[in-house]
Amino acid sequence: EKKPKIVILGAGYGGMMTASRLQKSNAHRDADITLVNKHNYHYQTTWLHEPAAGTLHHDKTRMKIDSVIDTNKIQFIKDSVVEIKKDEKKVILEKGELDYDYLVIGLGSEPETFGIPGVTENAFSIRSVNSVRLIREHIEYMFASYNKQDEKHEDVLTFVVAGAGFTGIEFVGELSERIPELCKEYDIAREKVKVYSVEAAPSALPGFDEELVEYAMNLLESRGVEFKINTPIKEVQDGRVLLADGEEIKAQTIVWTTGIRGSSIIENSGFETMRGRVKVDKDLRAPDHDDVFIIGDCALIINEEINRPYPPTAQIAIQQAYTCSNNIKALIEGKTELEEFKPDIKGTVASLGGKEAIGLVGDRKLYGNSASAVKKLIDNRYLFLLGGMPLVLKKGKLNLF
Ligand code: FAD
Ligand code: NAD
């Protein structure tokens, strides 16, 4: 009898955890399972602000896929997905193609530019190991360049972070920790360096607990970060950012963190999307496509209590992987009753660099060192779910305090 073919696209939080759960439940005995990813490693997107600023080596945030997944049980293909031909049940890769009976899409996100001119050409983004290595190298190069100039151009040491959502704030936190070290290394006075956090909304971290936002802003300001709140960016040019209020900031480093949209592969493959994300059914399948599951940043799910989409997070992607793998297992066993996905949001914790963080867990507010320790525990917990204690010991954040 022919085994059903299961293809998982993307080895991020969603895809990697789905593969790992299917392996643990021995689903490979009843199905041919294939995982496809651009790289031969898995990285933790939620840690990327650290290697971007250079406060953590990027190897800490990644692991070889075959060090976690048994490739005798789950076939791994290192290739890039180009298109999904859902009506032919086929995936087109750069170097080949695959047929499937069931597909899991976990291709993650792309930066949201809102069509603002110049962003793609002139700004960096925090989205992969390759993109953050470039940011780290560029920042260091700016410091190295400064003293080399006869006439000093201050824009070489001006850093603009566009958007003060969680990604922007976490990156600014790391950057403001790194700058004093770079100043020391390159003999530059701290006052020469400018870091701007530019936010369109009336507050940084719009919608988050006000007290915690104030704590974060005060802390970052004390490290020399200048906030420009209520100030949408309207254009990015080579070496400058134009603000809606008419002001311009000259900066040789612009990091774009104004939010995300789902992988463009999904809309280019003819799925109906909102900001690149598919509003999935309760069992995580795409509407009208019983054979396609969509998880993580590519999926849109509504918080019915407030009738708005849940923000896309790793927390949700991981939980969806559990439901998705259970549902695939059920389908290959011939069951028709599938599990409904119910997110169980434990809270939000954001790092601010060094041993600082803020968090809201249940109704408990966390600040400073204790928040930072909880953040590391969350990072370690994921490693534990994926690869048990050995992976925690190898890649985890073991210095909690
Ligand atoms: P990802 O984990 O991004 O994985 C997508 C995978 O698909 C990648 O491995 C990529 O290489 C691969 N891929 C993409 N395109 C292709 C292609 N064409 N072909 C083959 N492979 C491809 N969320 C939290 O819950 N808590 C946090 O503290 C938190 N912190 C964050 C900090 C930062 C700096 C950022 C940027 C995000 C953070 N998030 C956090 C959000 C979280 O990272 C995402 O929601 C989560 O990564 C989504 O998981 P995913 O599986 O959908 O995508
Ligand atoms: P986001 O959408 O949460 O924040 C983007 C910010 O950019 C918003 O505050 C928005 O007002 C601002 N913005 C939009 N257009 C702008 C413009 N033209 N000029 C200036 N500012 C502008 O996006 P994100 O921070 O990239 O986060 C993406 C997802 O990842 C979110 O769901 C977030 O919750 C999650 N995340 C979570 C954590 C954490 O839990 N610690 C950390 C990072 C990201």
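Engineer: Account for the site of ligand 2, with residues named and values stated.
Structural biologist: Taken together, the neighbourhood of ligand 2 is formed by 23 residues, with Thr167, Glu199, Ile233, Pro312 and Val349 sitting nearest. With respect to ligand 2, the backbone of threonine 167 contributes an N or O atom lying 2.9 Å from an oxygen atom. Between isoleucine 233 and ligand 2, the recorded distance is 2.9 Å, taken from a backbone N or O atom to a nitrogen atom. Listing elements by their share of the shell around ligand 2, those giving two or more residues are helix H5 (166-185) and strand S26 (347-351). Here the shell around ligand 2 is composed, by residue class, of 13 nonpolar, seven polar and three charged.

Engineer: Would you mind going over the pairing of strand S9 (residues 102-105) in detail, with residue names and values included?
Structural biologist: Alternating positions in S9 separate into two faces, Tyr102 and Val104 on one and Leu103 and Ile105 on the other, with burial throughout. The pairing of strand S1 (residues 5-9) with S9 spans four bridges and is classified as parallel. Paired with leucine 9 across the strands is isoleucine 105, a residue of S9.

Engineer: Can you lay out the sheet that holds strand S6 (residues 81-85) for me, pointing to particular residues and giving the numbers?
Structural biologist: Pairing within the open sheet is antiparallel, and its three strands lie in the order S6-S7-S8. Looking at the sheet topology across the chains shown, the edges are occupied by S6 and strand S8 (96-99). If you compare each strand with its neighbour and ignore which way they point, the axes differ by 20° on average. Inspection of the sheet shows S6 paired to strand S7 (residues 90-93) by four bridges, in the antiparallel sense. Bridge pairing in S7 places valine 81 opposite leucine 93.

Engineer: Explain the environment of leucine 352 to me, and be specific about the residues and the numbers.
Structural biologist: Within the fold, leucine 352 resides in the loop between S26 and strand S27 (357-361). When its relative accessible area of 0% is taken as the criterion, leucine 352 is described as buried. In sequence terms leucine 352 and glutamate 177 are 175 residues apart; their C-alpha atoms lie 8.8 Å from each other. Contacts of leucine 352, omitting those with residues within four sequence positions, involve Ile169, Gly173, Glu174, Tyr215, Ala216, Leu219, Leu220, Arg223, Ala357 and Ile358.

Engineer: Tell me about the domain arrangement of the protein, and please be specific about residues and values.
Structural biologist: For the protein, the assigned domains are domain 1 (5-111 + 260-345) and domain 2 (119-256). Between domain 1 and domain 2, the C-alpha centre-to-centre distance is 32 Å. Opposite the 18 residues of domain 1 that make contact, domain 2 presents 16 residues. It is His49, Ala52 and Ala53 that lose the most area in domain 1 upon contact with domain 2, and together they represent 34% of the buried surface on that side. Taken together, domain 1 and domain 2 are joined by zero salt bridges. For the side of domain 1 that touches domain 2, the secondary structure elements donating two or more residues are strand S3 (41-43), helix H2 (49-53) and strand S10 (109-111). Looking at the side of domain 1 that touches domain 2 element by element, the count peaks at five residues for H2. Grouping the amino acids of the side of domain 1 that touches domain 2 by side-chain chemistry returns seven nonpolar, eight polar and three charged.

Engineer: An account of the nonpolar core is requested, with residue identities and associated values reported.
Structural biologist: If you look at the biggest cluster of nonpolar residues, it comprises 65 residues, and the most contacted ones within it are Leu9, Met16, Leu103, Ile105, Phe271 and Ile294. Phe124, Ile126, Leu175 and Val193 belong to the second largest nonpolar core, which has 45 residues in total.

Engineer: Let's hear about the packing of aromatic side chains: which residues, and what values?
Structural biologist: A full pass over the atoms with the stated rule returns six aromatic pairs. Look at phenylalanine 143 and tyrosine 186: their rings are 6.4 Å apart centre to centre, the planes differ by 40°, and that puts the pair in the tilted class. Of this pair, phenylalanine 143 sits in helix H4 (residues 129-146) while tyrosine 186 sits in the loop between H5 and strand S13 (194-198), and the two are 43 residues apart along the sequence. Taken as a pair, phenylalanine 143 and tyrosine 186 share a single burial class, namely buried. Considering the side-chain rings of tyrosine 215 and tyrosine 367, the 5.0 Å spacing of their centres and the 70° angle between planes classify their relative orientation as edge-to-face. A residue pair is termed long-range when its members are at least 10 positions apart, and tyrosine 215 in helix H6 (residues 210-222) and tyrosine 367 in strand S28 (residues 364-367) qualify at 152 residues. Classification of tyrosine 215 as partly exposed rests on a relative accessible area of 25%.

Engineer: Just give me the short version of the packing of helix H1 (residues 13-24) against helix H8 (residues 314-332), but keep the residues and values in it.
Structural biologist: When two helices pack together, their arrangement is given by the angle between the helix axes and the distance between those axes. H8 packs onto H1 with a crossing angle of 35° between their chain directions and a minimal axis gap of 8 Å. As H1 runs across H8, the sense of the crossing is right-handed. Residues Tyr13, Gly14, Met17, Thr18, Arg21 and Leu22 of H1 lie in contact with H8, whose contacting residues are Ala314, Ala317, Ile318, Ala321, Tyr322, Cys324, Ser325, Ile328 and Lys329.

Engineer: I'd like to hear about the site of ligand 1, residue by residue, with values.
Structural biologist: In the vicinity of ligand 1 lie 30 residues, with Gly14, Val81, Asp297, Ala314 and Lys375 positioned nearest. One of the side-chain N or O atoms of asparagine 37 is found 3.3 Å from an oxygen atom in ligand 1. Lysine 375 places a polar side-chain atom, nitrogen or oxygen, 2.6 Å from an oxygen atom of ligand 1. Computed on the free molecule, ligand 1 has an accessible area of 1000 Å², of which 88% lies beneath the protein chains in the complex. Taken together, the elements giving at least two residues each to the shell around ligand 1 come down to H1, H5 and H8. For the shell around ligand 1, the element with the most residues is H8, which contributes three residues. When its residues are assigned to classes, the shell around ligand 1 shows ten nonpolar, 15 polar and five charged.

What counts, and where the lines are drawn
- Residues numbered from 1 in each chain as written.
- Chains lettered and ligands numbered in written order.
- Predicted model: local features only at pLDDT ≥ 70, side-chain atom pairs only at ≥ 80, totals over all residues.
- Heavy atoms only, no water.
- Near = heavy atom within 4 Å.
- Polar contact = N/O pair within 3.5 Å; in protein donor to acceptor, adjacent residues only side chain to side chain.
- Helix = DSSP H or I, 4+ residues; strand = E, 2+ residues; numbered from the N terminus.
- Nonpolar A, V, L, I, M, F, W, Y, C, P; charged D, E, K, R; others polar.
- Buried < 20%, exposed > 50% of the residue type's maximum accessible area, 1.4 Å probe, protein only.
- Pairing = 2+ DSSP bridges.
- Axes fitted to C-alpha atoms, helices over the stretch in contact; angles between N-to-C directions.
- Contact = heavy atoms within 4.5 Å.
- Domains from an automatic or database assignment.
- Buried area = accessible area lost by both parts, 1.4 Å probe.
- Salt bridge = Lys/Arg side-chain N within 4 Å of Asp/Glu carboxyl O.
- Core = buried A, V, L, I, M, F, W, Y, C linked by side-chain atoms within 4.5 Å.
- Phe/Tyr/Trp six-rings, centres within 6.5 Å; stacked < 30°, edge-to-face > 60°.
- Left-handed = near helix turned anticlockwise from the far one by under 90°.
- Areas by Shrake-Rupley, 256 points an atom, 1.4 Å probe, with all protein chains shown as cover.

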